[in-house]
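Single-letter residue listing:
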Amino acid sequence: MSEAVQTLEGWYALHDFRLIDWNAWHAATPQERKHATEELNTFLSQWQQVENDKLGSTAVYSIVGQKADFVFMQLRETLEELNDLENAFNKSSFAAFTIPVYSYVSIVELSSYLAKPGVDPAEDPELQARLKPILPKAKHICFYPMNKRRDGNDNWYMLPAEDRKTMMRSHGMIGRTYAGKVKQIITGSVGLDDWEWGVTLFSEDPLHFKKLVYEMRFDEVSARFGEFGDFYVGNLLSPEKFAQLIQV
Ligand code: VOV
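Residues numbered from 1 in each chain as written. Predicted model: local features only at pLDDT ≥ 70, side-chain atom pairs only at ≥ 80, totals over all residues. Heavy atoms only, no water.

1. Overview of the site of the ligand
Part 1 of the reasoning: Close contacts around the ligand come from 24 residues, with Ser 111, Tyr 144, Lys 148, His 171 and Ser 222 the closest.
Part 2 of the reasoning: Tyr 144 places a polar side-chain atom, nitrogen or oxygen, 2.6 Å from an oxygen atom of the ligand.
Part 3 of the reasoning: A distance of 2.8 Å separates an oxygen atom of the ligand from a polar side-chain atom of Lys 148.
Part 4 of the reasoning: Where the shell around the ligand is concerned, the elements lending two or more residues are strand E4 (98–111), strand E5 (140–148), helix H5 (161–176), strand E8 (182–188), strand E9 (197–203) and helix H6 (206–217). (Near = heavy atom within 4 Å. Polar contact = N/O pair within 3.5 Å; in protein donor to acceptor, adjacent residues only side chain to side chain. Helix = DSSP H or I, 4+ residues; strand = E, 2+ residues; numbered from the N terminus.)

2. Some remarks on the nonpolar core
One recurring pattern in soluble globular proteins is that nonpolar side chains are buried together.
Part 1 of the reasoning: Grouped together as the largest cluster of nonpolar side chains are 21 residues, with contacts concentrated most on Leu 40, Phe 72, Phe 89, Phe 94 and Phe 242.
Part 2 of the reasoning: Secondary structure elements with two or more residues in this core: strand E1 (7–20), helix H2 (30–52), strand E3 (70–76) and helix H3 (79–90).
Part 3 of the reasoning: Here the element with the most residues in this core is H2; it accounts for five residues.
Part 4 of the reasoning: Sequence-distant contacts of Phe 89, that is, excluding residues within four places in its chain, are made with Arg 18, Leu 40, Phe 43, Trp 47, Phe 72, Phe 94 and Ala 95. (Core = buried A, V, L, I, M, F, W, Y, C linked by side-chain atoms within 4.5 Å. Buried < 20%, exposed > 50% of the residue type's maximum accessible area, 1.4 Å probe, protein only. Contact = heavy atoms within 4.5 Å.)

3. Structural notes on H5
Part 1 of the reasoning: For H5, with 16 residues, the first-to-last C-alpha span of 22 Å sits near the 22 Å given by 1.5 Å per residue.
Part 2 of the reasoning: Taken as a whole, H5 has its buried residues at Arg 164, Met 167, Met 168, Gly 172 and Ile 174. Within H5, the buried residues cover an arc of 160° as seen down the axis, which keeps them to one side. Turned more than 90 degrees away from the buried face of H5, the exposed residues are Glu 162 and Arg 176.
Part 3 of the reasoning: Lining the buried residues of H5 we find E5, H6 and helix H7 (220–225). (Expected span 1.5 Å × (residues − 1). Arc of directions from axis to C-beta.)

4. Quick word on the UniProt feature "binding site: Fe-coproporphyrin III" (unreviewed entry) in the protein chain
Part 1 of the reasoning: Taking the UniProt record as the reference, the feature "binding site: Fe-coproporphyrin III" (unreviewed entry) is found at Arg 130, Tyr 144, Pro 145, Met 146, Asn 147, Lys 148, His 171, Gln 184 and Ser 222. These annotated residues cover 93 residues of sequence, and their C-alpha atoms reach 22.8 Å apart at the extreme, placing them across more than a single site.
Part 2 of the reasoning: Note that Asn 147 resides in strand E5.
Part 3 of the reasoning: Judged by its relative accessible area of 15%, Asn 147 is buried.
Part 4 of the reasoning: Beyond its immediate stretch of four places on either side in the chain, Asn 147 contacts Trp 195, Glu 196, Trp 197, Phe 225, Gly 226 and Glu 227.
Part 5 of the reasoning: For Asn 147, the side chain forms a polar contact with the main-chain nitrogen of Glu 196, separated by 2.9 Å.
Part 6 of the reasoning: With respect to the element layout, Lys 148 can be found in strand E5.
Part 7 of the reasoning: Of the residues examined, Lys 148 reaches a relative accessible area of 9% and is grouped as buried.
Part 8 of the reasoning: Beyond its immediate stretch of four places on either side in the chain, Lys 148 contacts Trp 156, Tyr 157, Met 168, Glu 196, Trp 197, Val 221 and Phe 225. (UniProt positions renumbered as here; feature names shortened; annotations may be inferred.)

Rendered as C-alpha cells:
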C-alpha cells in the first residue's frame, strides 16, 4: 500500500449555489420584496459579524451563465454550524424566492507534500491562518470540484509518496508564479461530497483563472491525474450589488 499523505484540516466549507425565481420575485408585492430584501440583509450582516469575530467567513458572488445566479461560500468551525446557517436561511422569506441548484460540502485542507520539516503545524501561525482563512473579497471567484484519477497506470493513489511529492512540487511552482494574482482555497471532500476536492480561486482579473488553469493542464499532476467537474465563475456581490441584482 502506498503511504497516504498527511493532511491538516481547518474550517468546514459549504458552497451554496442558487437561482433566483424571477417569476415569483416579479409576482411578489413591493411589500413582500421589501421584507425579503430586509431579511437577506439581516443574514448578510450576521455573517459579516461572524467574520469580524473570526468565527468563520463568508463570500457572496453572482454567477455568470445559467448554472446559478449567486453563491454563498460559507466557512465555519463545525458541520453543525454550516447546517444551522443553511436551515436558518432556508426559512427566510428571501430564500422562498430562490431555487437551490448545487451545493458542495468540504473542509479547508492542506496536505503535507511540501511541509517544512520540524515545524509543528499547531504552532505555526501562518498555517493556522491558511486553515481558517478570511475569504478574499476579490472581484471574481472561480469554483470547480476535482478528483485525482484512479485508472490503470494512472492511479494517483497507487503512486509512491516520493513521485507524488515531486509532482506536487511542480504544481506548487506553477501556482507560485500566480502569487498576488490568484488566491486558491483548496477544500478536501473525500468522504464528504461527490468529488475529492473543491478548488476555489479568487482574483481581480478572471483572465488569470484561464491562464492558471490552462498552464496547469500541461503539468503532469493535472494532465495525467486531474478530473474536473463543472466550473462556476462569478463577480463579487457586496450588499449594495446584491440589492441592485434583485431590483426589479
Ligand atoms: C494559485 C495557485 C496555486 C498554488 C500556489 C498552489 C499550491 C499548492 C501546494 C503548495 C499544494 C500542496 C500543499 C497544500 O497546500 O496542500 C497544493 C495542493 C493542491 N492543489 Fe494547488 N495551488 C494552486 C492552484 C491550484 C489549482 C488551480 C488547482 C486545480 C488543479 C487544476 O489543474 O485545475 C489546485 C489543486 C490542488 C489540489 C487538489 C491540491 C491537493 C492535492 C493533494 O493530492 O493533496 N491548486 N497546491
